[in-house]
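So the chains spell out like this:
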Amino acid sequence: MLKIQPVTALIQKQIAMNIYAEFAQKMLPLIEASSLLAGVDADTRAKLPLDRIVVEPPRDVSHGDMATNAALVLAKGLRQKPRDIAEAIAALLSDNAAALNVQSVSIAGPGFINITLEHSVWQSIIGEVLHNGKNFGRPDLGQGEKINVEYVSANPTGPMHVGHCRGAVFGDALATLLSFSGFDVTREYYINDAGAQVDVLARSAFLRYREALGENIGDIPEGFYPGTYLVPLGEQLKDQYGSTLLDMDETDWLPLIKRAAISAMMDLIRADLEKLGVAHDLFFSEQSLTQDGHDRVAEMIDDLTDRNLIYRGTLPPPKGKLPDDWEDREQTLFRSTLYGDDVDRALLKSDGSYTYFASDIAYHFDKYKRGFNLMVDVLGADHQGYLKRMTAAVKAISAGNASLDIRFCQLVNLFRDGQPVKMSKRSGNLVTLADVVEEVGRDVTRFIMLYRKNDATLDFDFTKVLEQSKDNPVFYVQYAHARTHSTFAQAVEVFDEKILDDLDQVDVSALTDASELALMRKLAEYPRIVEAAAKFYEPHRVAFYLNDLASAFHGHWNRGKDLPQLRFIKDDNEKLTRARLALVLAVQIVLRSGLNLLGVDAREELR
RNA sequence: GGCCCCGUAGCUCAGCUGGAUAGAGCAGCGGACUUCUAAUCCGCAGGUCGUAGGUUCGAAUCCUACCGGGGUCACCA
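Definitions and cut-offs
- Every residue gets a number counted from 1 within its own chain, in the order that chain's sequence is written.
- Numbering of ligands from 1 and lettering of chains from A proceed in the order in which they are written.
- Totals for whole chains, interfaces and linings use every residue, but because this is a predicted model, local features are given only for residues with pLDDT of at least 70 and side-chain atom pairs only at 80 or more, for both listing and counting.
- Side-chain measures were taken over the full set of non-hydrogen atoms in the model, leaving aside hydrogen atoms and water.
- Two strands are counted as paired when DSSP detects at least two bridges linking them.
- Runs of H or I in DSSP of at least four residues are treated as helices and runs of E of at least two as strands, each being numbered from the N terminus.
- Just so you know, the domain bounds were taken from an automatic or database domain assignment.
- By definition, residues are in contact when any of their heavy atoms lie within 4.5 Å.
- Note: buried area is the sum, over both parts, of the accessible area (probe 1.4 Å) each one loses when the two are combined.
- By convention in these notes, a salt bridge is any Lys or Arg side-chain nitrogen within 4 Å of a carboxyl oxygen on Asp or Glu.
- Any pair of N or O atoms that falls within 3.5 Å is considered a polar contact. Within protein, one atom must be able to donate a hydrogen and the other to accept it, and sequence-neighbouring residues count only if both atoms are side-chain atoms.
- Proximity criterion: a residue is near a molecule or strand once any of its heavy atoms comes within 4 Å of it.
- Polar here means any residue other than Ala, Val, Leu, Ile, Met, Phe, Trp, Tyr, Cys and Pro, which are nonpolar, and Asp, Glu, Lys and Arg, which are charged; Gly is therefore polar.
- Exposure above 30% relative accessible area and no salt bridge define the residues that can form patches, which grow by joining like charges within 9 Å and nonpolar side chains of Val, Leu, Ile, Met, Phe, Trp and Tyr within 5 Å.
- Note that accessible areas follow from Shrake-Rupley with a 1.4 Å probe, and for residues the cover is restricted to the protein chains shown.
- Charge assignment in this entry is limited to Lys and Arg as positive and Asp and Glu as negative, and neither His nor the chain termini are counted.
- Charge positions come from single atoms, namely NZ of Lys, CZ of Arg, CG of Asp or CD of Glu.
- Per-residue accessibility, obtained with a 1.4 Å probe over protein chains only, is compared with the maximum for each type, and a residue is labelled buried under 20%, exposed over 50%, and partly exposed between these values.
- In plain words, nonpolar cores are sets of buried Ala, Val, Leu, Ile, Met, Phe, Trp, Tyr and Cys residues tied together by side-chain atoms within 4.5 Å.
- Axis lines are fitted through C-alpha atoms, for helices just across the contact stretch, and the angle between N-to-C directions can take any value from 0 to 180 degrees.
- The score called pLDDT rates the predictor's confidence residue by residue, from a low of 0 to a high of 100.
- The arc in question is the one traced by the directions running from the helix axis out to the C-beta atoms.

> What's the story with the sheet that holds strand β1 (residues 55-56) in this structure? I'm lost.
Strand order across the open sheet formed by four strands is β1-β2-β4-β3, with antiparallel pairing between neighbours. Of all strands in the sheet, those with a lone pairing partner are β1 and β3 (102-108), marking the two edges. Bridge count between strand β2 (residues 66-68) and strand β4 (residues 112-117): three bridges; the pairing is antiparallel. Bridging across to β4, Thr68 finds its partner in Ile113.

> How should the domain arrangement of chain A be read in this particular structure?
A common way to express how large an interface is: the accessible area buried when the components associate. You can read the domains of chain A as domain 1 (6-117), domain 2 (196-262), domain 3 (412-445 + 459-466) and domain 4 (469-598). Computed from C-alpha atoms alone, the centre-to-centre distance between domain 3 and domain 4 is 33 Å. Every contact between the two is made by five residues of domain 3 and, on the other side, five residues of domain 4. Contact between domain 3 and domain 4 buries roughly 350 Å² in total, counting both sides, with carbon and sulfur atoms accounting for 53%. The largest contributions to the domain 3 side of the interface with domain 4 come from Asp443, Val444 and Lys464, which together make up 73% of the buried area. Where domain 3 meets domain 4, there are zero salt bridges. Summed over the shared surface of domain 3 and domain 4, the result is two residue pairs in polar contact (both at pLDDT 80 or more).

> Could you clarify how one ought to interpret the protein's contact with RNA strand B in this entry?
Not every one of the 66 residues close to RNA strand B is listed here, only the nearest: Arg59, Phe112, Gln468, Tyr476 and Arg567. Sugar and phosphate atoms represent 63% of those atoms of RNA strand B found within 4 Å of the protein. At a separation of 2.4 Å, a sugar or linking oxygen of RNA strand B approaches a polar side-chain atom of Gln197. Of the residues forming the surface near RNA strand B, the biggest block, nine residues, is contributed by helix α19 (residues 540-562). Class assignment for the residues of the surface near RNA strand B results in 20 nonpolar, 23 polar and 23 charged.

> Would you mind showing me how to read the pairing of β3 here?
Look at any regular strand and the pattern is simple: side chains alternate between the two faces of the sheet. Here six bridges tie β3 to β4, and the two strands are oriented antiparallel to one another. If you follow Ile107 over to β4, its bridge partner there is Ile113. Between the antiparallel neighbours β3 and β4 lie three residues, among them Gly109 with a positive phi of about 55°.

> I'm lost on a negative patch on the surface in this one. Help?
On the surface, Asp496, Glu497, Asp501, Asp502 and Glu574 cluster together to form a negatively charged patch. Mapped onto the elements, Asp496 comes out in the loop between α17 (473-494) and α18 (514-535). For Asp496, a relative accessible area of 36% translates into the label partly exposed.

> Where do I start with the nonpolar core in this structure?
Soluble globular proteins tend to bury their nonpolar side chains together. Phe23, Phe447 and Phe460 are the most contacted members of the largest nonpolar core, which has 150 residues in total. The element best represented in this core is helix α20 (residues 574-598), accounting for 14 residues. When near neighbours in sequence (up to four residues on either side) are disregarded, Phe447 contacts Pro473, Val474, Val477, Ala543, Leu546, Leu595, Leu598 and Val600. Formed by 30 residues, the second largest nonpolar core is a distinct cluster that contains Ile301, Leu309, Ile361 and Phe408.

> Sorry, what's going on with the sheet that holds strand β11 (residues 374-380) here?
Strand-to-strand pairing in sheets goes through backbone hydrogen bonds, with the strands running parallel or antiparallel. Taken together, five strands build an open sheet; the order of strands is β7-β6-β5-β11-β12 and the sheet is parallel. The outermost strands of the open sheet, each flanked by one partner alone, are β7 (282-285) and β12 (403-409). Averaged over all pairs of adjacent strands, the angle between their axes in this sheet comes to 25°, without regard to strand direction. Pairing geometry for β11 and β12, over seven bridges, is parallel. Each bridged residue has a counterpart across the sheet, and for Val376 the counterpart in β12 is Asp405. Running at roughly 140° to strand β6 (residues 184-191), helix α11 (residues 250-276) makes contact with β6 and β7 of the sheet.

> I'm lost on the confidence of the model for chain A in this one. Help?
In low-pLDDT segments, the atomic positions of the prediction should not be examined closely. Looking at chain A, the pLDDT average stands at 89 and 95% of residues meet or exceed 70. Low pLDDT, under 50, characterises residues 1-16; the stretch is placed with 26 contacts to residues that sit more than four places away or in other chains.

> For this particular structure, what's the right way to read the side chain of Thr332?
Along the chain, Thr332 turns up in strand β9 (residues 331-334). Take Thr332: its relative accessible area is 10%, and that puts it in the buried class. Only 3.0 Å separates the side chain of Thr332 from the side chain of Arg312, close enough to count as a polar contact. With near-sequence residues (within four places) excluded, Thr332 lies in contact with Ile310, Tyr311, Arg312, Arg345, Ala346, Leu347 and Leu348.

> Looking at this structure, I do not really get helix α12 (residues 296-306). What am I missing?
Helical periodicity: at 3.6 residues per turn, an α-helix aligns residues three or four positions apart in one direction. Inspection of α12 places Val297, Met300, Ile301 and Leu304 among the buried residues, and these make up the whole buried set. Angular distribution of buried residues about the axis of α12 spans 95°; they occupy a single face of the element. Packing partners of the buried residues in α12 comprise β8 (310-313), β9, α13 (356-369) and α14 (387-397). Among the residues of α12, the N-terminal cap falls to Asp295, whose side-chain oxygen and the backbone nitrogen of Val297 are separated by 3.0 Å. Note on α12: the residue one or two positions beyond its end, Asn308, has a positive phi of about 60°.

See below:
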């Protein structure tokens, strides 16, 4: 009887289980079968933008539990006034009130339909959370599809500094989020160990080596890495080689030291990442692209050449001020303009070696050949010029089968007591990632980095982020979680351990207070928040949601002061206590789930 | 000059990818501690969503131009 159109089926497939989508799934067939569409010809009907109909929580809770824009969406296609359509849909919903668990329906504004549901709908959320546990809210967006997320990829020339921190945390949280959402995620780090900079690293290490042998090397010259983190490496080289390297030509000692230096720097970086709780599945070496007599960059160039995407030619000079050493010369170019880039890009340097871009294309080609049709790169905002050429390259190498999404993380500005923290690159006087984590801790660092859209700059004040107040969302959320635990502890004290048994079986129909219901509504929003966060690669949505949920919980907690009958624990009413503990447990589960997505510890107590 | 981000309350930021009277926190003002940890809560006040056009039933959101802030601009990474 109810004919489900393709569009509706699509919606059903696309949207994960959540209470709003469920309602939409029930409502849409009703509309399609109603008199509204009775006299409409097939052509008009097919053009109705049914996919734009949404059921969502209203902006203002006083409007009801849900709102839908169905009448507004249909108005144009049906050539009827939105209000009239709204009347018809409202009547439809009222007629089916029992099946939809609808308590009341009203029309507001230009034609919004506000829906108030039976309490039982919200109460059922508690059971759903408790039954699904850590799987509550898990969207099935990915359906097992492989996706590659590359992040950090800091150059192996020293320890990580704060600038790397944000991308590391963002990439890590994004990967977790996508994994939770049903993707088969590989977390990857690209080691730039093939360029001139690692030669500089090796020469800098050589200085420290000479120093370790007792030589006075004075100030580190311009163009070398001055950081003292190379001192232990110098000692290590002394222990390993004695003074034998001093007698060699650079061409002989450089590869030896380079290998040792890169290895040592990656050890430093891995240690830093571990401090932040950031993990990778694969560290991919740029050098490996051209090792073992197997030049995969050349292969990539051959492949593109076969498809007429490579040519010899000259580029126009950059607009604006011309570089002093600009020379107009013929180069090997990739036709990235065919795929939306502004100019074609060079693949070989003047000395014949590969450009960074060439290696990076080969690297992404490798990802593609490993079966990734979806790739995400997390880069610093200073790489934004890289967007067009790299997305162009991925299209080219995959013949349009793969797509690359690049997410940029903006700068982090450091403050202390409201004053900017000065950093000098030349002196190597950078604030390192380790400094930050040691001072404020992993949880604070991660949460604050994620409590902002990735493409907006971020102020990070060492003093503020350590304040244990609601000014600081980390503690605010963790405190809410801790409070759920203290509630259980208290309950066990008043009753006994059995008070916590089988809370998922509890009858929660007695929970009808406004702030209890508000809490349930908040819990019901979690699935759609997670889904949106995953779909748009925006983990910050989870962080903001957690702050909201914590707020609803703190608010309800404090309501128990004015209204003692609302307190969770009623020593004269075990049944009611258990119902309320079920709600508290649901809050705890969702808080922990969200914190896990962000990689922030859900602490059980804060003192 | 080209390209890319950003511009929302005094400050720091959200705003569910086009929906209703634009929301939080901080700062300000006024309240709530013999407590299920006040590390919290409740209330008040605060806005021409950078500016000007356009698209439409409807714009903070989409388009165009401009203004302001940041980034970037052959071969570097």
